[in-house]
Each structure stands twice: as C-alpha cells, then as structure tokens.
There are 2 protein chains.
Amino acid sequence: MTPQRRAAASRRILILTADSELHERGQLKYARITSSIADALHERGVDDLTAQLAANLGLLAFRVAFERWMKAGEDEPFPPFAVTALNDLRTRAAQFSDP
Amino acid sequence: MTPQRRAAASRRILILTADSELHERGQLKYARITSSIADALHERGVDDLTAQLAANLGLLAFRVAFERWMKAGEDEPFPPFAVTALNDLRTRAAQFSDP
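Keep in mind that what you see is a predicted model, and the values were worked out from it rather than measured.

Colleague: Please set out the interface of chain B and chain A residue by residue, giving values where relevant.
Modeller: On the side of chain A, 26 residues touch chain B, which itself brings 26 residues to the contact. On the chain B side of the contact with chain A, Leu49, Leu53 and Phe96 of chain B bury the most area, a combined 28% of that side's loss. There are three salt bridges connecting chain B and chain A. Close ionic contact of Arg92 of chain A with Asp47 of chain B constitutes a salt bridge, the shortest N to O distance being 3.3 Å.

Colleague: Now, about the environment of Ile37 of chain A: what can you tell me, with residues and values included?
Modeller: Residues and elements named next belong to chain A. Its place among the elements puts Ile37 in helix 2 (residues 20-43). Residue class for Ile37 comes out partly exposed when judged on its relative accessible area of 31%. Linking Ile37 and Arg63, residues 26 residues apart in sequence, is a C-alpha distance of 15 Å.

Colleague: Mind laying out the nonpolar core, listing which residues take part and the relevant values?
Modeller: Within the largest apolar cluster, 32 residues are counted, with the highest numbers of intra-cluster contacts made by Leu53 and Leu89 of chain A together with Leu53 and Leu89 of chain B. Broken down by secondary-structure element, the contributors of at least two residues to this core are helix 3 (48-71) and helix 4 (79-96) of chain A together with helix 3 (48-71) and helix 4 (79-96) of chain B.

Colleague: Go over the relation of the copies chain B and chain A with me, naming the residues and quoting the values.
Modeller: Mapping chain B onto chain A calls for a rotation angle of 180 degrees and an axial translation of 0.0 Å; the resulting RMSD is 0.0 Å. Here the symmetry operator amounts to a two-fold rotation axis. The fraction of interface residues of chain B whose copies in chain A are also interface residues reaches 100%, indicating that both copies meet through the same surface.

Colleague: Please provide a residue-by-residue account of the confidence of the model for chain A, values included.
Modeller: With 93% of its residues at a pLDDT of 70 or more, chain A shows a mean pLDDT of 86. Within chain A, no element has a lower average pLDDT than helix 1 (residues 3-18) of chain A, which sits at 74, and none a higher one than helix 3 of chain A, at 92.

Colleague: Break down the packing of aromatic side chains for me, citing the residues and quoting the values.
Modeller: In total, this model carries eight aromatic pairs over all chains according to the counting rule given. Plain terms: the ring middles of Phe62 of chain B and Phe66 of chain B are 5.9 Å apart, the flat faces sit at 25 degrees to each other, and that makes the pair stacked. Taken as a pair, Phe62 of chain B and Phe66 of chain B lie in helix 3 at a separation of four residues, close to a single helical turn. We classify Phe66 of chain B as buried; its relative accessible area is 12%. Consider the rings of Trp69 of chain B and Phe78 of chain B, whose centres lie 5.4 Å apart with planes at 80 degrees: the pair is edge-to-face. By the burial criterion, Trp69 of chain B is buried, and Phe78 of chain B matches it. These aromatic residues form a ring-pair network of at least three members: Phe62, Phe66, Trp69 and Phe78 of chain A.

The rules behind these values
- Residues numbered from 1 in each chain as written.
- Chains lettered and ligands numbered in written order.
- Predicted model: local features only at pLDDT ≥ 70, side-chain atom pairs only at ≥ 80, totals over all residues.
- Heavy atoms only, no water.
- Contact = heavy atoms within 4.5 Å.
- Buried area = accessible area lost by both parts, 1.4 Å probe.
- Salt bridge = Lys/Arg side-chain N within 4 Å of Asp/Glu carboxyl O.
- Helix = DSSP H or I, 4+ residues; strand = E, 2+ residues; numbered from the N terminus.
- Buried < 20%, exposed > 50% of the residue type's maximum accessible area, 1.4 Å probe, protein only.
- Core = buried A, V, L, I, M, F, W, Y, C linked by side-chain atoms within 4.5 Å.
- Least-squares fit on C-alpha atoms with pLDDT ≥ 70 in both.
- pLDDT = per-residue confidence, 0-100.
- Phe/Tyr/Trp six-rings, centres within 6.5 Å; stacked < 30°, edge-to-face > 60°.

Shown next, in the form of structure tokens:
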C-alpha cells in the first residue's frame, strides 16, 4: 500500500465502478479471499464458525480501510487506516453481542 | 423454507458444487443481498459501518443456518436454525471485541 499503488488503485476504482463485469470480478475475488482466510484459520484449529466470522470481519475491515485511505490525503500511509477500521468494527461487533 | 423448498435446495446445492460458473453466480447473489441489506439499514439511520457489519453478519448467519438445516432431518423447520446461527455468531462477535 504505497503511494504508487494508491494511484493505480484510484484509476482501478474508476474503471470498476463504470464496468459491472469488472465489478463482479472484484466481488468474486473478495469472496474467494474470504473463503481462503476462513480455511486457513480453520486449518490452524479455529472452529469453523469463528473462522468464517473472522474472515468476514477481516475482509470488511480491509475494504473499509481501503475506501477511507483512497479518500485521504495522498501521503497518508495505509496501516493506520487498517488498524482504525478493525477497531471500529470490533466496537460495533461488541454492540451486536448484547441481546 | 418448507420441506418442498428443502428438496429443491438440496438438488440445487449438488448442481452448484459441480458447476463453478453457477457457484460464482451464487456468490454474486450473496454479495448483492449483503449490499442491499446494508443500504436498507443505512437508509433507516444506521451508521454506514454498523450497517455493513450487520449485513455481513446477517448473511453469514443465513448461510450457516441454511447449511446446518440442509444436513438436518427432513422435517426440521428452518427458523430455529436461523435463531441458533445468529446467536452463535453474536457470541463469537463478542469475543472479537475483547482486545
């Protein structure tokens, strides 16, 4: 997630938004990454449901962080956005757990 | 989610597993449903991040419930599976919120 990648990602987003087939490919890529994360966690002994939830939360955190990072100033590094997005989601996940 | 739907769903899953293009369509459908839920929650005043998280959790709960229901006895009604899957996910979400 360097400034160079940022410029490329910015162009990519404009293209993806305009082309529904490419947008679908992006969605499928996210679905595959989510499955891969869940499988990897499961192989490491995490129970299946926790693995699926963690994979979904992790990918959502990445997507949220990425979107915020694209809207931020050009010299902003990516990692703090990832940490903040994950923390934001964890705070909200805690709220869901209260019946 | 009636016994009739169950039989159809069972056949559908066999076909989906065997055909990657149909599997991808299913993944895209899930992605669209997730977006629709998030948009609907957002329109009702839920903040964007909570809406996205709730949509993801909700769809995951549905998928988990559906998978368990397909493996259960033929006369089992669906709703208890949905409630259990959602509660299981909420319990795990609470664990993620502890840093």
